[in-house]
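# Results of the structural survey
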2 protein chains.
Amino acid sequence: MTTADDTLRAEAGAALANPSAVGLVAVIVAATDGEPRALTVQVPGQATGRGDGLPYGPLVPEHPTLERGLRAWVERQTHQRLGYVEQLYTFGDRDRQGEDSAGLHSLSVAYLALVREMRPAGLAEASWRNWYSYLPWEDWRAGRPEALAEIERKLLAWAEEAVDPKLRRRREDRLGLTFGLCGGAWNEERVLERYELLFEAGLIPEAQGQPGEACNAEVTGQPMAFDHRRVLATAIGRLRGKIKYRPVVFELLPPTFTLFQLQRTVEALSGTELHKQNFRRLVAQQGLVEETENLTSGTTGRPARLMRFRREVLLERPAPGFRLTPSRRQS
Amino acid sequence: MTTADDTLRAEAGAALANPSAVGLVAVIVAATDGEPRALTVQVPGQATGRGDGLPYGPLVPEHPTLERGLRAWVERQTHQRLGYVEQLYTFGDRDRQGEDSAGLHSLSVAYLALVREMRPAGLAEASWRNWYSYLPWEDWRAGRPEALAEIERKLLAWAEEAVDPKLRRRREDRLGLTFGLCGGAWNEERVLERYELLFEAGLIPEAQGQPGEACNAEVTGQPMAFDHRRVLATAIGRLRGKIKYRPVVFELLPPTFTLFQLQRTVEALSGTELHKQNFRRLVAQQGLVEETENLTSGTTGRPARLMRFRREVLLERPAPGFRLTPSRRQS
DNA sequence: CGGCACAATGCTCAATTTGAGCATAAGTGA
DNA sequence: TCACTTATGCTCAAATTGAGCATTGTGCCG
């Protein structure tokens, strides 16, 4: 038997002998007019990779850090400057990575970026898209999305399909857990799990090798190049979780804003509606914002006070954020 | 100007032309006798990489997914089977990655694993270590750790050191935010931020190029090979956050356990003490556990009821976990 | 100009959820 | 039997939630 010592020595060599192709992908999010948007580019090309995609590029040795590399790529590809950036996840499944580059492993390190204003997207090939056009079942702001009716039907059929009763049981459990079927509750953070489930059930056309399965974009959403929809789903889930305990929403808002704009933005991200009065009470008592002396004007209804994010809270409070208080509309 | 189309085509080639060396690292956690432990191996060798380290190995093309690759490596290197595994973070700073492999970028994809029982660690070179021996300032279970007194002194000195008043101000803010100095509060989740701050302040010997700085292991903790202490810090921070909203602690406990064991485990991970009665009330009303018909025996004090984790809650409740209720001991 | 529709804000109230402790029960070892 | 230790039950006041009602400014429309 080899010792750990030998093993480790051998490994150091193996790392250099087995290099991988590493890509950087960005989910760049903005929220204007109360709609959540992601910056997309047009991916030219072959089978799996075509149509809408996320900005991406390879990691090259010139980049001192992954994040710097990402910023460089995005700014060059979309002419969009990035502010807040956080690492999302590293994807590396061989069978999900689109192109199979001759035995080379190819990884994608995905990042989430939040930008304040949305510029008209430098290049014609880059444009802002409402993220719910890719994942329509995630938008519960106007009540239960219609798409869910058909999705449910197909998912239940998929569960039935399993002959092994244990497998069927497991599928049903997952349906309950992720889609709130079979007595479960809808949890807005489980975006990725829902996408993966649909993928496995063959309802996502990106799942190559799957039978065509009349995939209606109205119902199962617009496809994306490569595995980018999965990356998008990861980003949304992460962001929905994060706004609850970190004041990241403000990265999406202009320097001054009304409480209602703030609420609309939170709702856009979380895909739910909130109780207005309680929302403002929460924000107020958390001391996240302070009043300016200005009011809005020219809008219908009573003018609202303009507020400003209190950057100091980043220092004061340990982990300020929002706890969401859904209104009854939920189910 | 090139079009996005051209740019993307060029990039696809660049990815293959600029491969990277990818490594997998694991933070394998267990908690026995109310102490949090990580599995470490002895790293032989040169300057930056020697001494205690985390199990690691290169990603090779045979691995179908990153996670599978990791499992394979760990089982081969430490003879420890893994249960719960989650991806932590991908590290890729060129100047922090120890060995500079001839222009190749080298990344480490880090994973967090939780294991139930701790086997005596297959190989002599692998052993379980209390994770607070590497980060002593993180253990507040017996009140404010002594090490903090000296750390504070040095950190304040470091802040003073800045000539530019703006820089000094920024450093002080960070001290408040991470270490709770200058009027801030201690947040047990900011493990990584604290480590990084110490690193920048030159109190961590792994920061090569830094002046020796009498780094007393009693105070600033035992060093690790490469950047592994940073990986460990990341893992602890993530786990401390996660136990609050997901029932992952049970991955560390035997099939049946007492409420007090459960509490001790949570305390070990979070590094704080909890209020006993309230803790049990919380656990009870969340329905996370159910009674068995057995009691403990042979221990001092009144025997406790043995409990069992209710796996069903994974399906029922949207996101069950613990909200920690610290006892007054905190400051 | 008076009335309407529509937001913004202020405030109330009951139902829960926390945070802290006191009191009792049930073993072990001397 | 006593002293000690840990497990459990229960209480109580303070703080936080969840739902709504009421009032106040504004632009718009006859």
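Parameters and conventions
Residues numbered from 1 in each chain as written. Chains lettered and ligands numbered in written order. Predicted model: local features only at pLDDT ≥ 70, side-chain atom pairs only at ≥ 80, totals over all residues. Heavy atoms only, no water. Helix = DSSP H or I, 4+ residues; strand = E, 2+ residues; numbered from the N terminus. Buried < 20%, exposed > 50% of the residue type's maximum accessible area, 1.4 Å probe, protein only. Contact = heavy atoms within 4.5 Å. Areas by Shrake-Rupley, 256 points an atom, 1.4 Å probe, with all protein chains shown as cover. Salt bridge = Lys/Arg side-chain N within 4 Å of Asp/Glu carboxyl O. Phe/Tyr/Trp six-rings, centres within 6.5 Å; stacked < 30°, edge-to-face > 60°. Lys NZ or Arg CZ within 6 Å of the ring centre and 35° of its normal. Pairing = 2+ DSSP bridges. Expected span 1.5 Å × (residues − 1). Polar contact = N/O pair within 3.5 Å; in protein donor to acceptor, adjacent residues only side chain to side chain. Axes fitted to C-alpha atoms, helices over the stretch in contact; angles between N-to-C directions. Parallel < 35°, antiparallel > 145°, perpendicular 65-115°, else oblique. Nonpolar A, V, L, I, M, F, W, Y, C, P; charged D, E, K, R; others polar. Left-handed = near helix turned anticlockwise from the far one by under 90°.

## Digging into the overall build of chain A
In terms of regular secondary structure, chain A is built from 10 helices and 10 strands. Burial statistics for chain A: of 331 residues in total, 55% are counted as buried. Considering only intrachain contacts with a sequence separation of at least 6, the fraction spanning at least 24 residues in chain A is 65%. Accessible area of chain A: about 14,700 Å², with a carbon and sulfur share of 49%.

## Remarks on the pattern of salt bridges
Using the criterion set out here, one finds 52 salt bridges over all chains in the structure. Between Glu-138 of chain A and Arg-240 of chain A there is a salt bridge whose closest N-O contact spans 3.0 Å. Note that Glu-138 of chain A is positioned in the loop between strand E7 (126-130) and helix H3 (147-161) and Arg-240 of chain A in helix H7 (residues 228-242), a separation of 102 residues in sequence. With respect to class, Glu-138 of chain A is no different from Arg-240 of chain A; both count as buried. The salt bridge partner of Arg-116 of chain B is Glu-251 of chain B, with a shortest N-O separation of 3.7 Å. One end of the pair, Arg-116 of chain B, is in the loop between strand E6 (105-114) and strand E7 (126-130); the other, Glu-251 of chain B, is in the loop between helix H7 (228-242) and strand E8 (256-257), and 135 residues separate them in sequence.

## Structural notes on the packing of aromatic side chains
Following the criterion strictly, the structure yields 16 aromatic pairs over all chains and no others. Both rings, one in Tyr-195 of chain B and one in Phe-199 of chain B, keep their centres 6.3 Å apart while their planes meet at 50°; by these two values the pair is tilted. Of this pair, Tyr-195 of chain B and Phe-199 of chain B are both found in helix H5 (residues 191-200), 4 residues apart, which corresponds to roughly one turn of the helix. A single burial state applies to Tyr-195 of chain B and to Phe-199 of chain B, both of which are buried. What links up through ring pairs into an aromatic cluster is the set Trp-140, Phe-179 and Trp-186 of chain A. In this structure, Lys-276 of chain A packs its charged tip against the face of Phe-260 of chain A, placed 4.4 Å from the ring centre. Here the basic side chain of Arg-194 of chain B rests over the ring of Trp-186 of chain B, its NZ or CZ set 3.7 Å away from the ring centre.

## Examining helix H5 (residues 191-200) of chain A
At 3.6 residues per turn, the α-helix brings residues three or four places apart onto the same side. Residue and element names in this part refer to chain A. Burial of H5 is extensive: 7 of the 10 residues sit out of reach of the surface. If you check which residues of H5 are buried, you get Val-191, Arg-194, Tyr-195, Glu-196, Leu-197, Leu-198 and Phe-199. Residues of H5 that are buried make contact with H3, helix H4 (165-179) and H7. Looking at the residues trailing H5, positive phi occurs at Gly-202, about 80°.

## Re the sheet that holds E8 of chain B
Within the open sheet, the 3 strands sit side by side as E8-E10-E9 (chain B). Their pairing is antiparallel. Among the strands making up the open sheet, the edge pair consists of E8 and strand E9 (289-295) of chain B.

## Here's the deal with the sheet that holds strand E8 (residues 256-257) of chain A
Residues and elements named next belong to chain A. Strands sit in the order E8-E10-E9 across an open sheet of 3 strands; the sheet is antiparallel. Sheet topology places E8 and strand E9 (289-295) at the edges, where each strand pairs with a single neighbour. Where E8 lies against strand E10 (residues 305-309), 2 bridges are found, and the strand directions are antiparallel. The partner of Thr-256 across the bridge, within E10, is Arg-308.

## Examining H4 of chain A
Residue and element names in this part refer to chain A. An ideal rise of 1.5 Å per residue puts 21 Å on 15 residues; H4 measures up with 20 Å between its terminal C-alpha atoms. Burial in H4 covers these residues: Arg-171, Leu-175, Gly-176, Leu-177, Thr-178 and Phe-179. One or two steps after H4, the chain reaches Gly-180, where phi turns positive at roughly 75°.

## Structural notes on the side chain of Arg-194 of chain B
Residues and elements named next belong to chain B. Residue placement: Arg-194 occurs in helix H5. Using a relative accessible area of 0% as the deciding quantity, one classes Arg-194 as buried. Looking at Arg-194, its side chain comes within polar contact range of the side chain of Glu-138, at 2.7 Å. A distance of 3.0 Å separates the side chain of Arg-194 from the backbone oxygen of Asn-187, its partner in a polar contact. The contacts of Arg-194, once residues within four sequence positions are left out, are Trp-137, Glu-138, Thr-178, Phe-179, Trp-186, Asn-187, Glu-188, Glu-189 and Arg-240.

## Remarks on the packing of helix H8 (residues 259-270) of chain A against helix H9 (residues 276-286) of chain A
Residues and elements named next belong to chain A. Where H8 meets H9, the axes come as close as 11 Å, and the angle between the chain directions of the two elements is 105°. Viewed along their axes, H8 and H9 adopt a mutual orientation that is roughly perpendicular. Taking contact as the criterion, the partners of Leu-259, Phe-260, Leu-262, Gln-263 and Val-266 in H8 are, on H9, Lys-276, Phe-279, Arg-280 and Val-283. Within the contact of H8 with H9, the residues separate by chemical class into 6 nonpolar, 1 polar and 2 charged.

## Some points on the pairing of strand E6 (residues 105-114) of chain A
Two faces, one strand: in a regular strand the side chains alternate between the faces of the sheet. Residues and elements named next belong to chain A. The element E6 is largely enclosed, with a buried count of 10 among its 10 residues. Residues His-105, Leu-107, Val-109, Tyr-111 and Ala-113 of E6 are buried on one face, and the alternating residues Ser-106, Ser-108, Ala-110, Leu-112 and Leu-114, pointing to the opposite face, are buried as well. Across 10 bridges, the pairing between strand E1 (residues 20-32) and E6 is parallel. Note on E6: the bridge partner recorded for Leu-24 is Val-109. Here strand E5 (residues 84-91) pairs with E6 via 7 bridges, running antiparallel. Each residue of the ladder has a partner; that of Glu-86, found in E6, is Leu-112.

## Regarding unusual backbone geometry
Residues and elements named next belong to chain B. A positive phi angle is found at His-79, which is not glycine, with a value near 60°. Take His-79: it is sitting in the loop between helix H2 (66-78) and strand E5 (84-91). A relative accessible area of 37% places His-79 in the partly exposed class. If you check the backbone angles, Phe-226 has positive phi at about 45° while not being a glycine. By the element assignment, Phe-226 lies in the loop between helix H6 (217-220) and H7. Since its relative accessible area comes to 21%, Phe-226 is described here as partly exposed.

## Details of the packing of helix H4 (residues 165-179) of chain B against H5 of chain B
Residues and elements named next belong to chain B. Put simply, H4 and H5 touch, their axes get as near as 9 Å, and they point 140° apart. In this structure, H4 meets H5 at a crossing whose hand is left-handed. The segment H4 lies against H5, with Arg-174, Leu-175, Thr-178 and Phe-179 engaging Glu-193, Arg-194, Leu-197, Leu-198 and Glu-200.

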